[in-house]
Every structure is written in C-alpha cells, then in structure tokens.
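Chain and residue survey
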Amino acid sequence: MDLMKIRNETPGAAGRVHLDNAGSSLMPSPVIAAQMDHLKREAEIGGYLAAEEAGVRLEKVYGSVARLIGARSDEIAIMPSATDAWDHAFYSLAQDMEAGDRILTSQTEYRANFVAYLHVKKRRGIQITVIDHDEAGSIDLAALQDAIDSSVKLIALSHVPSSAGHILAAQKVGEIARAAKIPFLLDACQSVGQLHVDVGEIGCDILSATARKFLRGARGMGFLYFRQGLLARTDPVMMTNQGAEWVSPDRYEKRRDARVFEAWERNVAGQLALGAAVDYALDIGIKNIEARVRLLANLLRRGLSQIPDVRIADLGEDLSGIVTFEMRKNAPGEIKAVLEQNGIAGQVAVAEHTLLDMTKRGFNQLVRLSPHYYNTEEEIDRTLNVLNSMRR
Ligand SMILES: Cc1ncc(COP(=O)(O)O)c(C=O)c1O
C-alpha cells in the first residue's frame, strides 16, 4: 500500500487526525472529483442530460459493487442509505410473516433494525428471539442452532456492530442459515470497506451497506445485495417508478433484478462517487485494507490498555477497526471535545444505537475511535498522548 500517495489523495487528512471512519470517513480525491465533476456538469447542461452522458459510468457502479462483495451485478440495488436498503429487503420479507413466526437476531443489533422488528411484531404478532453472546463475546452459535425450528423465518444481524468493537462470526451463521434454509440478512454497514466481505463465502442472502463509512464514499448513498434465487420468490413491499413498468391500464411488469427495490430518482453524483470509492478500495486491495485497519486498531487498543484510567469496552476476540472505551474520570463527551481541540476527530457511541448490549453491559455512552488504512502509527501515538494527558 502506497501510504504517501493515499494520504496525498486524502485532503481531509492534512493537519487533522480523522478517527471517525465508522461515523463518516474522509473521501479520497477521485471520489471527490467524481462527485464534484458531475455536479458541475449538472449545472452546465441540466441533470437529465448529465445523467445520460454518464450512463456507461453509472452502469459500471453496479459491477464494481458486485465485485467488491462477490455478487452478480443484477443482485445489486443502489439505495440512498443502508437503512433504506435494509428496510426494503426486510419489509419485503416481513409482509409474508404471520403471528408466531420468529426472527433471530443478536444482542448487538443496530437500533433501526431492531425498531423495525418491534414494528412488525406490533403489527403482525411475530416474535423476536435475541441470541446472546457466548463467553468469548461473539454470537453464541450453539444457542443460535438450538433456536432454529420451523417458526424461524429470518436470521438478521449486524456484521460489525456500531459500538462493540467485534466482528460477528457471519460465515458460521451463514452455514447454520443455509442448512436450515432460512433467509439470512446481514447488515454490513460497518464491515464493507474495512473487511473482506464476500456474500458467497458468508452465505448471506441479503446484505446492506452504506457509502460514507469505511468505504469512503459520499453521504446519502448505500446499496443492497439481494440473492437472485430469493429475489425470484420475493415480492417487493412497494412498487416504484424503477421497480416496475406500467404496461397497460391495469397491469405492471416487475423488474427481475435487484433494482426492483430502487426509485428512479437518485443522487447521480453520489452514485458515481460510490463507484469511485469502491474502485479505489478495490485498487488498494480489500485484504490489504483489512490487514492495516486491524493493525492500527490493535495498536490503539494496546496503547489504551496502558493508560490506567482507560477501560476498553470491546467485546469478543475477533476485533474490527471500531475501538470503544471509557475513562474513569472523564465523560465520553468531554473526551471527544478534548480530542477535537487537538485536531482529532472521534465519536461518542450512545446506548440507543445498540440498546440491548449497552444496557446489559451497563454502558450509557462510550468513546468510539475508528482508524482506517490511511491513518498513521504516528496519529495513533498522538491520540494516545492526548488521552494520557487527560488523566486527573
Ligand atoms: C450497524 C449499522 N447499521 C446500519 C446503520 C445505518 O446506516 P445509514 O445511516 O447509512 O442508513 C449504521 C449507521 O451507523 C450502523 O452502524
């Protein structure tokens, strides 16, 4: 990895330390250019003509995203956010659920997803079974296996939870889901862009992700993967001007690919930027990215573990680029502010994001630092020095 080149192509990295890649990362210059050039073109010739001009490049985005996650391009839909992608998939499956049907999820499930389970529970009387973590801090696979019976209609979980540090054993979950022939919906919002994620290896049927986090794309963009075999059996929860063609006064024809979930209107510049972000990650090599993210996050954890006031809050053994901790005498908000005064961007993870897990472990808020491959060892040291100097 040519770190010097990568940093030169990351204008936001000049003079600041960005450790909030799990929140919203820094776009590299090819991504900024893809977005800005298209916006300029829209201003010059209007949005429709500009989109026509960019037609081939827009189409290529599907292929890039598919390559990133080992899917086929007709299994990809470009959506305005991870939540939008996830909701379209989830509610399409949920419309066939009946009272007594069950969804299996994990203790670290993300708030938007869990609220949707509660919503469907309220409307349809389904049940939510939360699989706890095992002693090693990952999803308890034996408990997951034991929970499977004919009432389970969906297994859905977050691959990398937003505030627990660990990586769920998605591939093992995929094996269980496949053997039981239960659809498996993976929220990969925090894993795509920092980890090697391959839908075939994992064995998930549906995956949702966002552009602005570890993928380093623009805001207001996400994507959905929906496996063809399952798609053919799924009726989308709503029809759109992209999902179906109105062919006669009382008939429409549904698209057969995953774009059935899309709306026609979109942020064209954002889609081009998403394509540029994916190509940028593929050029560097996602396995190289994963190795460096793990290295920097572990360097940070090691340094934190040497500060007496710090308590690292990460769960489990297989750890991601999300590092969570608290300090004995300083509130997370204060720590974030002090880091910011020193030109270091971090984040406060609040209990509501992963309410079950945070409540169970007694956390109200945690500091969340999330390095990416473009960060340097020196930046990690600088951050640790600031934290060390805060001890009272
Ligand atoms: C695990 C997880 N899933 C889903 C989301 C929602 O993503 P978006 O804001 O793009 O809809 C987030 C955002 O933080 C997340 O951390």
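Per-chain numbering applies: the sequence of each chain, read as written, is numbered from 1 onward. A pLDDT threshold of at least 70 governs which residues receive local features in this predicted model, and a stricter bar of 80 or more applies before side-chain atom pairs are shown or counted, although totals over entire chains, interfaces and linings include all residues.

1. Things to note about the overall build of the protein
Starting at the N terminus, helices and strands are each numbered in turn, a helix being any DSSP run of H or I of at least four residues and a strand any DSSP run of E of at least two. Looking only at helices and strands, the protein features 15 helices and 15 strands. When we talk radius of gyration, it's over C-alpha atoms, and the globule rule is simply 2.2 Å times the number of residues to the 0.38. What you see for the protein is a C-alpha radius of gyration of 21 Å, in line with the 21 Å of a compact globule of 392 residues. Considering only C-alpha atoms, the protein reaches an extent of 70 × 60 × 30 Å along its principal axes. The contact criterion used here is simple: two residues whose C-beta atoms, placed from the backbone, lie within 7 Å are in contact. Look at the contacts in the protein between residues 6 or more apart in sequence, and 71% of them connect residues 24 or more apart.

2. With respect to the pairing of strand 15 (residues 365–369)
For strand 15, a buried count of four out of five residues is recorded, marking the element as mostly surrounded by other parts of the structure. Strands qualify as paired when DSSP identifies two bridges or more between them. With three bridges connecting them, strand 12 (residues 323–327) and strand 15 associate as antiparallel partners. From the neighbouring strand, T324 faces strand 15, where its bridge partner is R368. Note that strand 14 (residues 347–350) and strand 15 share four bridges and pair antiparallel. What sits directly across from V348, in strand 15, is V367. The burial label depends on the number of other C-beta atoms within 10 Å of a residue's C-beta. Counts of 20 or more mean buried, 12 or fewer mean exposed, and intermediate counts mean partly exposed, with C-beta atoms placed from the backbone.

3. Some remarks on the site of the ligand
To decide nearness, the C-beta atom of each residue is placed from the backbone, and the residue is near a molecule or strand if that atom lies within 6 Å of it. Taken together, S81, A82, T83, Y110, A112, S158, S162, D187, C189, Q190, T210 and G222 are the residues near the ligand. Grouping the constituent residues of the shell around the ligand by class yields four nonpolar, seven polar and one charged. Only Asp, Glu, Lys and Arg are considered charged in this grouping, and only Ala, Val, Leu, Ile, Met, Phe, Trp, Tyr, Cys and Pro are considered nonpolar; every other residue, Gly among them, is considered polar.

4. Things to note about the packing of helix 12 (residues 286–305) against helix 15 (residues 377–389)
Two quantities define a packed helix pair, namely the angle between the helix axes and the distance between the axes. Orientation is described by lines fitted to C-alpha atoms, with helices fitted over the stretch in contact, and by angles between N-to-C directions that extend from 0 to 180 degrees. Interhelical geometry of helix 12 versus helix 15 gives an angle of 25° and a closest axis separation of 10 Å. The orientation of helix 12 with respect to helix 15, classified from their angle, is roughly parallel. Crossing angle aside, the handedness with which helix 12 passes helix 15 is right-handed. On the side of helix 12, the interface is formed by L296, L299, L300 and G303, while helix 15 contributes E377, I380 and L384. For the contact of helix 12 with helix 15, a count of residues per class yields five nonpolar, one polar and one charged. Roughly parallel means an angle under 35 degrees; roughly antiparallel means over 145; roughly perpendicular covers 65 to 115; every other angle is labelled oblique. Take the far helix as the reference: if the near one is turned anticlockwise from it by less than a right angle, the crossing is left-handed, and if turned clockwise, right-handed.

5. Observations concerning the domain arrangement of the protein
Under the domain assignment used here, the protein contains domain 1 (3–26 + 285–389) and domain 2 (29–283). For the domain bounds, the source is a domain assignment made automatically or taken from a database. Just the C-alpha atoms count here: the centres of domain 1 and domain 2 sit 26 Å apart. Taken together, the 35 residues of domain 1 in the interface contact 30 residues of domain 2. At the level of elements, helix 12, strand 12, helix 14 (355–360) and strand 15 are the ones that each hand at least two residues to the side of domain 1 that touches domain 2. A breakdown of the residues in the side of domain 1 that touches domain 2 according to their chemical character gives 15 nonpolar, ten polar and ten charged.

6. Considerations on the nonpolar core
In plain words, the nonpolar core is the set of buried Ala, Val, Leu, Ile, Met, Phe, Trp, Tyr and Cys residues that C-beta atoms within 7 Å link up. Grouped together as the largest cluster of nonpolar side chains are 107 residues, with contacts concentrated most on I69, A77, L186, L224 and A277. Counting residues per element, this core draws most heavily on helix 11 (residues 268–284), which supplies ten residues. Three or more residues apiece are contributed to this core by two domains, here domain 1 (3–26 + 285–389) and domain 2 (29–283). If near-sequence neighbours (up to four positions away) are discounted, I69 is found in contact with V192, V197, D198, V199, L207 and Y225.

7. Topic: the sheet that holds strand 7 (residues 206–210)
The mixed open sheet is built from seven strands, whose spatial order is 2-8-7-6-5-3-4. The open sheet is flanked by strand 2 (76–79) and strand 4 (127–131), the only strands paired with a single partner. If you compare each strand with its neighbour and ignore which way they point, the axes differ by 20° on average. Helix 4 (residues 55–69) contacts strand 2, strand 7 and strand 8 (222–226) of the sheet and is inclined by roughly 110° relative to strand 2. Running over the sheet, helix 5 (residues 82–94) touches strand 2, strand 5 (152–158), strand 6 (184–187), strand 7 and strand 8 and is turned about 30° from strand 8.

8. Comments concerning the environment of L157
Tracing the sequence through the fold places L157 in strand 5. The exposure class assigned to L157 is buried, which follows from the 25 C-beta atoms found within 10 Å. Sequence separation between L157 and D187 is 30 residues, and the spatial gap between their C-alpha atoms is 6.0 Å. In contact with L157, not counting residues within four places along its chain, are T105, S106, E109, I139, L168, V173, L186 and D187.

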